[in-house]
Amino acid sequence: MAMRGLEFSHVTKRYSLGSSHVLALDEVNHHFQPGVTLLRGPSGSGKSTLLHLAGALDDPTQGQVLFHGHSLSSLSEKEKTQWRRTQVGFVFQDFHLLGQLNLMDNIAYPLHQRGRSAKDCRTRVTELLKQVGLMGYERRFPRELSGGERQRVAIARSLVACPKLLIADEPTANLDSKTGQSILDLLLTLLEQHSEMLLLVASHDQLVMDALGAQQVQLQDGRLLS
Ligand code: ADP
C-alpha cells in the first residue's frame, strides 16, 4: 500500500537570481502525516517555498515530493493543474478573493472550472457558507465583508472541491487576535469533520502555535530542524 501523507525526500530548491543563487530549501526530508502540521520559522527561512512545492505550484531543484506515495514531479503540467484543482485547497494571508464576483461565484469558481452544473455549484456553496458561519451571504461582495469574514470565504472556497491537502500560508496574519482565534477554531472544526485531510499551516503567530501546535516542524535557512 502507498505511503499515506505528504513526503519530502531530499528536497532542495534553488532560485536563480541573475548569476547568483538562493538556496531556499536545503535537503529537506520529512513525512507529513494526515492531520495538522504547523510549519514555523523566521521570514525567509523557506516556508512559502515548501508550501509551493507541497501544492505542486513549483518543482524542486532536486529530490522528490510525494503525496500518498505518488510523485508530484512525475506529473505533466496539465496533470499538475488537474491535481491542484481536485486535491488541494489554498488559503492565503491576504485572502485572494475576486472583488468583482459575489460570494456564490467566488466560492463556486473552482467547481465551474471543473465543469460542474450551476445547480450542483449552488447547493455546494450554500452548504459551505453555512459551515463557515456565513449562511445567506451568497449575494454579498468581498468589499462588504470584514477581514475575518473574507478569510471564512477563502476557507469555504478552499474546501469546495473536498481537497485531501489544505495549505494555509499565514492565515491569521492580517486579522486581529479575536478574529484570528475564530478562524483557527473554524479550521480545527473542519479538520475534525475531514479526518483524512492533511493541513499544512505556515505561521509564526503565537495564537496559531497554541491552537495547532501539536505536530510542528521548524525551518531555518532552508533546513528542517526536528
Ligand atoms: P518564508 O516563507 O519563510 O518567508 P520563502 O520561502 O519565501 O521564505 O523564501 C526563502 C528564500 O528564498 C528567501 O531567501 C527568499 O528571498 C528566496 N526566494 C523566495 N522566492 C524566490 C523567488 N521567486 N526568486 C528568488 N528568490 C526567492
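See above for the structure.
Presented here is an overview of the structure given in this document. (Residues numbered from 1 in each chain as written. Predicted model: local features only at pLDDT ≥ 70, side-chain atom pairs only at ≥ 80, totals over all residues. Heavy atoms only, no water.)

Turning to the site of the ligand, a few remarks are in order. For the ligand, the full set of nearby residues is Tyr 15, Leu 17, Val 22, Ala 24, Pro 42, Ser 43, Gly 44, Ser 45, Gly 46, Lys 47, Ser 48 and Thr 49. A distance of 2.7 Å is found between an oxygen atom of the ligand and a backbone nitrogen or oxygen belonging to Gly 44. For the ligand, an oxygen atom lies 2.8 Å from a polar atom in the backbone of Ser 48. Protein contact buries 63% of the 560 Å² of open area that the ligand shows by itself. For the shell around the ligand, the element with the most residues is helix H1 (residues 47-54), which contributes 3 residues. In terms of residue class, the shell around the ligand is built from 5 nonpolar, 6 polar and 1 charged. (Near = heavy atom within 4 Å. Polar contact = N/O pair within 3.5 Å; in protein donor to acceptor, adjacent residues only side chain to side chain. Areas by Shrake-Rupley, 256 points an atom, 1.4 Å probe, with all protein chains shown as cover. Helix = DSSP H or I, 4+ residues; strand = E, 2+ residues; numbered from the N terminus. Nonpolar A, V, L, I, M, F, W, Y, C, P; charged D, E, K, R; others polar.)

Turning to the packing of helix H3 (residues 103-113) against helix H5 (residues 147-159), a few remarks are in order. Where H3 meets H5, the axes come as close as 7 Å, and the angle between the chain directions of the two elements is 30°. Note on packing geometry: the crossing formed by H3 with H5 is right-handed. Across the interface between the two elements, Leu 103, Asn 106, Ile 107 and Pro 110 of H3 pack against Val 153, Ala 156 and Arg 157 of H5. Its residues placed into classes, the contact of H3 with H5 shows 5 nonpolar, 1 polar and 1 charged. (Axes fitted to C-alpha atoms, helices over the stretch in contact; angles between N-to-C directions. Left-handed = near helix turned anticlockwise from the far one by under 90°. Contact = heavy atoms within 4.5 Å.)

What follows is about the side chain of Lys 47. Its location among the elements puts Lys 47 in helix H1. The charged side chain of Lys 47 is buried without a salt bridge, its nearest counter-charge being Glu 170 at 4.5 Å. (Buried < 20%, exposed > 50% of the residue type's maximum accessible area, 1.4 Å probe, protein only. Lys, Arg positive; Asp, Glu negative; His and termini not counted. Salt bridge = Lys/Arg side-chain N within 4 Å of Asp/Glu carboxyl O.)

To continue, consider the sheet that holds strand E1 (residues 6-17). An order of E2-E1-E4-E5 is seen for the 4 strands of this open sheet, with the pairing classed as antiparallel. Of all the strands in the sheet, the pair left with one neighbour each is strand E2 (20-32) and strand E5 (70-71). Sheet analysis places E1 next to E2, joined by 9 bridges and oriented antiparallel. Bridge pairing in E2 places Leu 6 opposite Phe 32. In the packing of H1 onto the sheet, the strands contacted are E1, E2 and strand E4 (62-67), and the crossing angle to E1 comes to about 120°. (Pairing = 2+ DSSP bridges.)

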